[in-house]
Amino acid sequence: LAAAAVILDALNATDSNGTEALNATAKFVATPEGTALAYGSLVFMALLPIFFGALRSVTCSKSKNSSDMPETITGRDAARFPIIASCTLFGLYLFFKVFSQEYINLLLSVYFFGLGVLALSHTMSPLMSRIFPESFPNKQYQLLFTQGSGESKEEIVNYEFDTKNLVCLVISSVVGVWYLLKKHWIANNLFGLAFALNGVELLHLNNVSTGCILLGGLFVYDVFWVFGTNVMVTVAKSFEAPIKLVFPQDLLEKGLGASNFAMLGLGDIVIPGIFIALLLRFDVSLKKNSRTYFYSSFLAYIFGLGLTIFVMHTFKHAQPALLYLVPACVGFPVIVALIKGELTEMFSYESSEEVLPASPRLTSFPTVSGSPASLASSMDAVSMATGSSPRRRRLQPTPHM
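In this report, we go over the structure that sits alongside the text. (Residues numbered from 1 in each chain as written. Predicted model: local features only at pLDDT ≥ 70, side-chain atom pairs only at ≥ 80, totals over all residues. Heavy atoms only, no water.)

1. Looking at the overall build of the protein
Reasoning step 1: For the protein, the count of helices and strands is 15 helices and eight strands.
Reasoning step 2: For the protein, with 401 residues in total, the buried portion stands at 54%.
Reasoning step 3: Taking contacts inside the protein between residues at least 6 apart in sequence as the whole, the part at least 24 apart equals 79%.
Reasoning step 4: Of the accessible surface of the protein, which amounts to about 18,100 Å², a share of 65% is contributed by carbon and sulfur atoms. (Helix = DSSP H or I, 4+ residues; strand = E, 2+ residues; numbered from the N terminus. Buried < 20%, exposed > 50% of the residue type's maximum accessible area, 1.4 Å probe, protein only. Contact = heavy atoms within 4.5 Å. Areas by Shrake-Rupley, 256 points an atom, 1.4 Å probe, with all protein chains shown as cover.)

Put into structure tokens, the structure is as follows:
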């Protein structure tokens, strides 16, 4: 997931885009109704991938299929994350300064088209499985690429899918073409929600301490790059990709053709979201039929995001959302644990114990195999990594009788 690390860097690199762009631009004065609708819609959309992604992360952590296992973030990974994110952000800043913004965004559009189709397909798969009747002729397929022969044969790609997955891919491809040609805000949001949900579901913190390290580091990262320099703002304004949720403030006046958007970066959703998902898995591990820590952190996120919007709207200045989200999402559950006398138990919980020992870590590259979910995660990881290749599995020859 050195891969998933880099894509989350890109996601978090748009935090200022999310927070700054929530302000109405100087060219357009939003009505109170339009502003309230835009802010409310952004908060609602931000809650969807966190809530459902956290629920799906519980199922994902219990998967017995190694190809569908989540990516685990360790303490060392969390400590390096802000440094990687800063290097990625500054690298993008230099790219936009040196090269033509038009060509860079064209390449990014094509790249995120592929990722978005896979992510949206993965998001839709459980829904499609419920929609299709049992009598639906669901055939199984396998796409296999190997290298070498005999004992030296190595598996490069082993992609298993079925007819339902193909339907999801076709629908997702239609949305992808729509986004590629029109850059419509609804298509952007469909991809953005899919990216966020996949991130919350498939990226697992191994314990609460790791979560505190990650959120604390990105707290400093966010504050520095928003208040200390113009790098994040420059990249956010130049970066055209579905890595943010948008909602028009002039929707009431112009309908679906509205063009003055309030925005929220996916980093402000995924980063707190994976911590909230960890607390849900901790709730499940307690086996008390209670979701106290999940609901307290979920409410804390709502409070933190609402406070961000309030401060930004009051002072008319960009605000790093993690400045408010991190203290809220970490502080509320810790206070609850202190009151219940479970603080030690919470910090000693290891999420990796709920997962098979074969669970991949952030520093490794997953093999491209299994369902569309694993393909989306693996393709993301492999393609975003620099100078490395995916881990390959060696095929054992089948003995002949």
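After that view, the rundown keeps rolling.
2. Some thoughts on the environment of threonine 146
Reasoning step 1: Its place among the elements puts threonine 146 in strand 2 (residues 140-147).
Reasoning step 2: As for threonine 146 and valine 157, which are separated by eleven residues in sequence, their C-alpha atoms are 7.0 Å apart.

3. Observations regarding helix 9 (residues 231-238)
Reasoning step 1: Extensive coverage of helix 9 is indicated by the burial of six of its eight residues.
Reasoning step 2: Of all the residues in helix 9, the buried ones are Val231, Met232, Val233, Val235, Ala236 and Ser238.

4. Some remarks on the pattern of salt bridges
Reasoning step 1: Enumeration over the complete set of coordinates arrives at five salt bridges.
Reasoning step 2: Linking arginine 80 and aspartate 77 is a salt bridge whose minimum nitrogen-to-oxygen distance equals 3.2 Å. Taken together, the positions of arginine 80 and aspartate 77, both in helix 4 (residues 75-98) and three residues apart, correspond to about one turn of that helix.
Reasoning step 3: Among the residues examined, arginine 80 registers a relative accessible area of 38% and is labelled partly exposed. (Salt bridge = Lys/Arg side-chain N within 4 Å of Asp/Glu carboxyl O.)

5. Notes on helix 6 (residues 163-182)
Reasoning step 1: With 20 residues, helix 6 should cover 28 Å at 1.5 Å per step; its first-to-last C-alpha distance of 29 Å lies within 8% of that length.
Reasoning step 2: Buried within helix 6 are the following residues: Thr163, Lys164, Asn165, Cys168, Leu169, Ser172, Val175, Gly176 and Tyr179.
Reasoning step 3: For helix 6, the capping residue at the N-terminal end is aspartate 162, with a side-chain oxygen 3.2 Å from the backbone nitrogen of lysine 164.
Reasoning step 4: Backbone geometry just downstream of helix 6 places lysine 183 in the positive-phi region, at approximately 55 degrees. (Expected span 1.5 Å × (residues − 1). Polar contact = N/O pair within 3.5 Å; in protein donor to acceptor, adjacent residues only side chain to side chain.)

Honestly, it's all geometry; don't read function into it.
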